[in-house]
Amino acid sequence: MICGDIVWAHNEVRGMLGDLAEIVRMDSPSREAFYEDLKGKYAGTVVIYRHNSSSLRIGEFDEDIIAHLPESIKFIGHNGAGYDQIDVHACIKKGITVSNTPGAVDDGTATTALYLLISTARQYSIAERQARSGLWKNGLKPAHDPSALTLGILGLGGIGMTLAKYAHGFPMKATYYYSRNPVKDCPDWIEYCHSMEELFSKSDVISLHVPLKPETTGMIGAKEFAMMKKGAILINTARGKVLDEEALIEALKSGQLSAAGLDVYPDEPNINPALLDFMNVTLLPHMGTETQESQKIMEIRALENLRVYLTGGTPRDIIPECQHMTK
């Protein structure tokens, strides 16, 4: 079942799956209709390709949807690195394995984070609005060269590492990171910090690259903002809910943060109106993977996970929570 959009890999769908299974497209207009169609035209489905766009019609793959899936469904190939729209624990309980597409999003998301870093450090977002309003450079505060700033990366996975390599082109004054464990074969110009507090105390710019899980929800709040340098810059291309948004707003009001660059929000597509009033905040509408190249790579990688599963292999992108189901 193709559940959600395939925009760029139409030929690959047929080439990769056409000789292995009958391909049906989820066209149910609502969740209720989807539940009915599971008993009819979707009966016998074994695997699901899922894109977040399907939530516009049937909602997230929450506990209720997973409970309604027939026993024949054993695998969900999610298109995206983050899979917080899927109730993974409900899937495991029902014997459904889930994969995602890590790596496929690295370039697009890291480029977005780099843009937000440059925009906030150099005040380009404010300057563009000034230029469009005929105000020229009136009232702009002195900006910073990125090469004069230290970069702190929270979560040095694929996206965080790609950002570090891109930003090294300036280069940054220094680059630090904190992850639960030191990253093997990390370049010697990236320094490991042993705690978030150490990372925050050393960094002029802090970029968030952690997945949204129960333990990371709201992990950056008032306590964490207080650990940061006065006037630090915060970049978030991870998930909106890893931040305590009210604490973020207070940090901007107090000047604890001098600027922020945001591509993700807790209640997308809605943006907190309070954020719109800060001229020193660069806002993007979740543009991280909005490129033809990234989206096609993501589609193909999700399809490849389905193909490998259908041919009896072990897909390479099984999410950590489901790893035990493949042994």
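Located above this text is the structure these notes cover.
Described in the following lines is the structure provided in the data block. (Residues numbered from 1 in each chain as written. Predicted model: local features only at pLDDT ≥ 70, side-chain atom pairs only at ≥ 80, totals over all residues. Heavy atoms only, no water.)

### Focus: the pairing of strand β10 (residues 257–262)
Counting buried residues in β10 gives five out of six residues, a clear majority hidden from the surface. Note: strand β9 (residues 232–236) against β10, five bridges, orientation parallel. In the strand pairing of β10, L234 is matched with A260. Across three bridges, β10 lies against strand β11 (residues 281–283) in parallel orientation. In the sheet register, A260 faces β11, and the bridge partner there is V281. (Buried < 20%, exposed > 50% of the residue type's maximum accessible area, 1.4 Å probe, protein only. Helix = DSSP H or I, 4+ residues; strand = E, 2+ residues; numbered from the N terminus. Pairing = 2+ DSSP bridges.)

### Here we look at the packing of aromatic side chains
Under the criterion given, the structure shown has five aromatic pairs. Consider the rings of Y178 and Y192, whose centres lie 6.4 Å apart with planes at 25°: the pair is stacked. Separated by 14 residues along the polypeptide, Y178 in strand β6 (residues 174–178) and Y192 in strand β7 (residues 190–192) bring together distant segments of the chain. Here the aromatic residues F34, Y35 and Y42 are joined through ring pairs into a cluster of three or more. Against the face of F61 rests R50, its NZ or CZ located 5.0 Å from the ring centre. (Phe/Tyr/Trp six-rings, centres within 6.5 Å; stacked < 30°, edge-to-face > 60°. Lys NZ or Arg CZ within 6 Å of the ring centre and 35° of its normal.)

### Details of the environment of I23
Note that I23 resides in the loop between α1 (10–17) and α2 (31–38). Classification of I23 by relative accessible area gives partly exposed; the value is 31%. Sequence-wise, I23 and I2 are 21 residues apart; in three dimensions their C-alpha atoms are separated by 7.2 Å. Non-local contacts of I23, meaning those with residues more than four positions away in its chain, are made with I2, V13, L17 and G18. (Contact = heavy atoms within 4.5 Å.)

### Focus on the sheet that holds β11
The seven strands are arranged β7-β6-β5-β8-β9-β10-β11 in an open sheet whose pairing can be described as parallel. For this open sheet the edge positions go to β7 and β11, each flanked by a neighbour on one side alone. This sheet shows a mean twist of 20° between the axes of neighbouring strands, independent of strand direction. The strands touched by helix α8 (residues 158–167) are β5 (150–154), β6, β7 and β8 (205–208); relative to β5, the strand with the most contacts, the crossing angle is about 170°. (Axes fitted to C-alpha atoms, helices over the stretch in contact; angles between N-to-C directions.)

### Details of the environment of D84
Relative to the helices and strands, D84 resides in the loop between β3 (75–78) and α5 (88–93). Along the primary structure D84 and D204 are separated by 120 residues, whereas in three dimensions their C-alpha atoms are 29 Å apart. Filtering out sequence-adjacent residues up to four positions away, D84 remains in contact with E60, L212 and R239.

### Concerning the sheet that holds strand β2 (residues 47–50)
Here we have four strands laid out as an open sheet, ordered β1-β2-β3-β4, and parallel in their pairing. Strand pairing shows two members of the sheet lacking a second neighbour, β1 (2–3) and β4 (97–99), which therefore form its edges. Bridging between β3 and β4 involves three bridges; their strand directions are parallel. If you follow G77 over to β4, its bridge partner there is S99. Here helix α13 (residues 292–310) sits on the sheet and contacts β2, β3 and β4; the angle it forms with β2, its principal contact strand, is near 175°.

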